[in-house]
Every structure is written in C-alpha cells, then in structure tokens.
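A closer look at the structure
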Amino acid sequence: MAVLLIGATLPALAGCESTQSKSQRAEREAGTQVKTEQGLTIATPSADLEATATTLLTDPEVGSAVVVELKNTSKDDAFEVPVLVKVAGAGGEDLFSNAVPGLQRSLTHVAVVPAGGTTVWVNDQVTVTGGADAATATVGDAEGQPPAKAVRFSATQPKLEEDPTSGLAGTGFVKHDSPEDLRRVVVTVVARRGDRIVAAGRGIVARIKPGKRARYQAFLIGDARGAELSATAQPNIDPE
C-alpha cells in the first residue's frame, strides 16, 4: 500500500499576413491572448530528488518506454516533480526527449515522491523507431504544492493477462480513501527479475468512487513472463 497525496502552434507561412490579421482580430474581440506552449526544461537538477536508476525498454512490436526510479532525500513530500528523459542511439545521437511541447503532464512529471522514500515513474510514449541504446533522466525541483488532505491509494498485486491484439498487460484493482470521486488515476505496473526491471507500463483509471475499487489495466513493454509484478497508483496531475 502506498500513501500518495492529491493535489503547439504551427509556424505561420510566409505571405499569410491577412490570415494572421484575422486571427489576431478574432483573439482581441474574444478577449483572449495566444499563449505559446512550452516544453519541459530543467535548468538546475534538484539537490533533494534524484534518479537512482533509469531503464530503457524496447519491443519492436509494441514500442519503447523509459522507467525512472526516483528517491526523495528531503523531509518533505515532493509534488509534481519534473523528469526530463532523453534516449540516445549507439552513436550518441539524440533519438527522443520528453521536452517537446504538448505532452500530458503525467509524461513529464511525477505526481508525488514521498519524503525519504522512492517511487517509480514510467513514460510509455517513447517514440523511437529503432536503434535506441540508452536513456538518461534529469530530475528537477518539485513544482506543486501540498494538497489540503492526504489520500491513501492501494492497488492489488497485478495479474498478467494476454490480449490477442495488444499483448501482455498487468491487471488488478485500485481504491482510495478520499470522500470524493477521483478521476484519471495513473497506475504504474513494473515487472522485475531480481533487481532488474524487465517490463513496465501504465494505465489510466477513468474514475474511482469513494469506498469502491476500480479495475486497472496497464499494457506492458518488455518481457514480463516469469517476472515479479508490482503496482502503484498516483493522482491525476493532467489538466482536465
């Protein structure tokens, strides 16, 4: 049982000034202002939060994922922790980074890393077509504030199921002790052989009612057969 807490625009084409003017006038009339969406940047790595291990998982039929094991050495829980991941090829060339604008926040941030504790975060949307050799992770300082009340999540031990179309998945049930419905809860499933992570994935539970449990399903990247599976749940940090 884990204690967790709640809490691109296309470039304009040359010679399209009339279209730009119409757009700008419409924005003024609507009382809005265009905001440029920024990608993830970490100017200075955190002194209290660190990536103790980073694992690159690849499956030619399913895709790729990066698993980051994080540790919080401070005395305070850390909320909305940014994690910048990069995937390089055998020659050192950059193949992927989650610094691009437009990603879900849960693919760039960890909801919470407990004080003096650890957690595992998975980005299963790594778009690498081939040749990936290694992944690195840089952890920044927490960007979120503590919620008003702690919420306790519990997830059952995952069972390995095989879908004829999507492959292997870790499935089980998750619940919480909040008096309110929780939506888009992120459940991370990791498969280990000894100390080595051999498969991982994440699933989104659309809604969990108070006092009720909901089924989770996380499709896995890697080979989870014969491995030990575990699951953790974290609150949604993506804007609704």
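For the structure, see preceding data.
Read on for a plain summary of the structure. All values derive from a computational prediction rather than experimental measurement. (Residues numbered from 1 in each chain as written. Predicted model: local features only at pLDDT ≥ 70, side-chain atom pairs only at ≥ 80, totals over all residues. Heavy atoms only, no water.)

Moving on, we get to the overall build of the chain. When you go through the chain residue by residue, the secondary structure sums to one helix and 16 strands. Split into buried and exposed, the 240 residues of the chain put 40% on the buried side. A total of about 13,600 Å² of accessible surface is found on the chain, and carbon and sulfur atoms cover 48% of it. (Helix = DSSP H or I, 4+ residues; strand = E, 2+ residues; numbered from the N terminus. Buried < 20%, exposed > 50% of the residue type's maximum accessible area, 1.4 Å probe, protein only. Areas by Shrake-Rupley, 256 points an atom, 1.4 Å probe, with all protein chains shown as cover.)

Reported here for the largest cavity is a volume of approximately 120 Å³. Along the walls of the largest cavity sit 13 residues, with S106, H109, W121, V186 and Q234 positioned nearest its centre. Those elements that provide at least two residues to the lining of the largest cavity are β6 (109–113), β7 (118–126) and β12 (182–193). Residues that form the lining of the largest cavity fall into these classes: eight nonpolar, four polar and one charged. (1 Å grid on protein atoms, 1.4 Å probe; cavity = no way out; pocket = protein on both sides within 12 Å on 5 of 7 lines; lining within 4 Å. Points joined across faces, edges and corners; volume = space filled by probe spheres on them. Nonpolar A, V, L, I, M, F, W, Y, C, P; charged D, E, K, R; others polar.)

Here we come to the pattern of salt bridges. With the rule as written, the count across this model stands at nine salt bridges. Residue R105 is joined to E143 by a salt bridge in which the shortest nitrogen-to-oxygen separation is 2.8 Å. Here the residue R105 occupies a position in the loop between β5 (94–97) and β6, and E143 occupies one in the loop between β8 (132–139) and β9 (150–155), the gap between them amounting to 38 residues. Measuring nitrogen to oxygen at the nearest pair gives 4.0 Å for the salt bridge that ties D223 to R225. By relative accessible area, D223 is classed as partly exposed at 39%. (Salt bridge = Lys/Arg side-chain N within 4 Å of Asp/Glu carboxyl O.)

What follows concerns the side chain of D238. Along the chain, D238 turns up in the segment after β16 (228–234). Comment: no salt bridge for buried D238; closest opposite-charge side chain is R184, at 4.2 Å. Within the local environment of D238, its side chain forms a polar contact with the backbone nitrogen of R105, the two atoms lying 2.4 Å apart. For D238, the residues in contact, after removing those within four places along its chain, are Q104, R105, S106 and R184. (Lys, Arg positive; Asp, Glu negative; His and termini not counted. Polar contact = N/O pair within 3.5 Å; in protein donor to acceptor, adjacent residues only side chain to side chain. Contact = heavy atoms within 4.5 Å.)

Tallied over the entire structure, the rule returns zero aromatic pairs. Positioned above the aromatic ring of F173, the side-chain terminus of R213 is 3.8 Å from the ring centre. (Phe/Tyr/Trp six-rings, centres within 6.5 Å; stacked < 30°, edge-to-face > 60°. Lys NZ or Arg CZ within 6 Å of the ring centre and 35° of its normal.)

The four strands lie next to each other as β15-β13-β12-β16, forming an open sheet whose pairing is antiparallel. Each edge of the sheet is formed by a strand with only one pairing partner; in this case those strands are β15 (221–222) and β16. (Pairing = 2+ DSSP bridges.)

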